[in-house]
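Spelled out from the first residue to the last, the chains are:
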Amino acid sequence: MASALTNRIDYSFDKKYDLPQGNVEKYIEYKTSNIPAKFTYYVVPEFADEAFLVAEVVNWSHIRILKGQASVFFEDTWVGSIPLAETAKGDTMQLSIARDPQITVKKELLSHKINHSIMGKVKDETFTYEYFVQNAKSQTVELTVEDQIPVSVLKDKKVELIESSGAEYIEEKGFLKWNLKMEAGGAQKLVLTYRVNF
């Protein structure tokens, strides 16, 4: 058990350990716990093609982990360290584990059409993007793909979502989110079309 006091932390161990003399370090396993978590992959193709594995741990305040750094291992390989906090927003802690090159999303501009008025002024522009989503892993995964379209702050300019392949859309922020269940070795195409009216 560990308890945080005003200027120190006291640890109580279940068994005794022999410590070497002098200035010699020794690592002691304090506690091993299995913490249930939901694993989801996230990707924002505007910034990266590869998805990030994220662990969502609920009831974080009941786990009683002290603030500090944690070593992260992914598929038996050390991938780095992440900070652990004693509290989490909404009592659910999100821990970014690692980037996974086996789950990818490629974003490509398929078309960009410009319509002009009789006077030659630009009337509207239509953009169509395609997302090619691929899961090269040997198991089914849950994947969240996030992107954003422009948001107008001018009265005479309007952004209109035409096609989004069923994405959740928050119009005031332009956010799009697809929640996908990708079968092992599966692939899927998403289409996004929006129009900017001038």
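Just above sits the structure.
Nothing here was measured: the structure is a model prediction, and the numbers come from that model.

**Student:** Would you take a moment to explain the overall build of the chain for this structure?
**Tutor:** The number of helices and strands found in the chain is 0 helices and 13 strands. Tracing the chain from N to C terminus, the helices and strands come up as β-β-β-β-β-β-β-β-β-β-β-β-β. Here the C-alpha radius of gyration of the chain, 24 Å, is well above what a compact globule of 198 residues would show, namely 16 Å. Per-residue burial for the chain yields a buried fraction of 29% across its 198 residues. Summing over all exposed atoms, the chain offers an accessible surface of approximately 14,200 Å²; the carbon and sulfur share of this is 50%. Of the charged side chains in the chain, 24 are positive and 28 negative, and the gap between their average positions amounts to 4 Å.

**Student:** Teacher, can you tell me more about the layout of surface pockets here?
**Tutor:** To find leftover empty space, one rolls a probe the size of a water molecule over the atoms. Approximately 230 Å³ is the volume attributed to the second largest pocket. For the second largest pocket, the full set of lining residues is Val44, Glu46, Phe47, Glu146, Asp147, Gln148, Glu168, Ile170, Phe175, Leu176 and Lys177. Broken down by secondary-structure element, the contributors of at least two residues to the lining of the second largest pocket are strand S9 (141-148), strand S11 (168-170) and strand S12 (175-182). Across the lining of the second largest pocket, the residue classes break down as 5 nonpolar, 1 polar and 5 charged.

**Student:** What is the right way to look at the packing of aromatic side chains in this model?
**Tutor:** A ring pair, where both rings are aromatic, is described by two values, the distance of the centres and the angle of the planes. Within the structure shown, the criterion is met by 2 aromatic pairs. Centre to centre, the rings of tyrosine 131 and tryptophan 178 are 5.1 Å apart; their planes meet at 50 degrees, and the pair counts as tilted. Of the two residues, tyrosine 131 is situated in strand S8 (residues 122-135) and tryptophan 178 in strand S12; the sequence distance between them amounts to 47 residues. Each member of the pair tyrosine 131 and tryptophan 178 is classed as buried.

Here is what the cut-offs are and how they apply
Residues numbered from 1 in each chain as written. Predicted model: local features only at pLDDT ≥ 70, side-chain atom pairs only at ≥ 80, totals over all residues. Heavy atoms only, no water. Helix = DSSP H or I, 4+ residues; strand = E, 2+ residues; numbered from the N terminus. Rg over C-alpha atoms; globule rule 2.2 N^0.38 Å. Buried < 20%, exposed > 50% of the residue type's maximum accessible area, 1.4 Å probe, protein only. Areas by Shrake-Rupley, 256 points an atom, 1.4 Å probe, with all protein chains shown as cover. Lys, Arg positive; Asp, Glu negative; His and termini not counted. Charge placed at Lys NZ, Arg CZ, Asp CG, Glu CD. 1 Å grid on protein atoms, 1.4 Å probe; cavity = no way out; pocket = protein on both sides within 12 Å on 5 of 7 lines; lining within 4 Å. Points joined across faces, edges and corners; volume = space filled by probe spheres on them. Nonpolar A, V, L, I, M, F, W, Y, C, P; charged D, E, K, R; others polar. Phe/Tyr/Trp six-rings, centres within 6.5 Å; stacked < 30°, edge-to-face > 60°.

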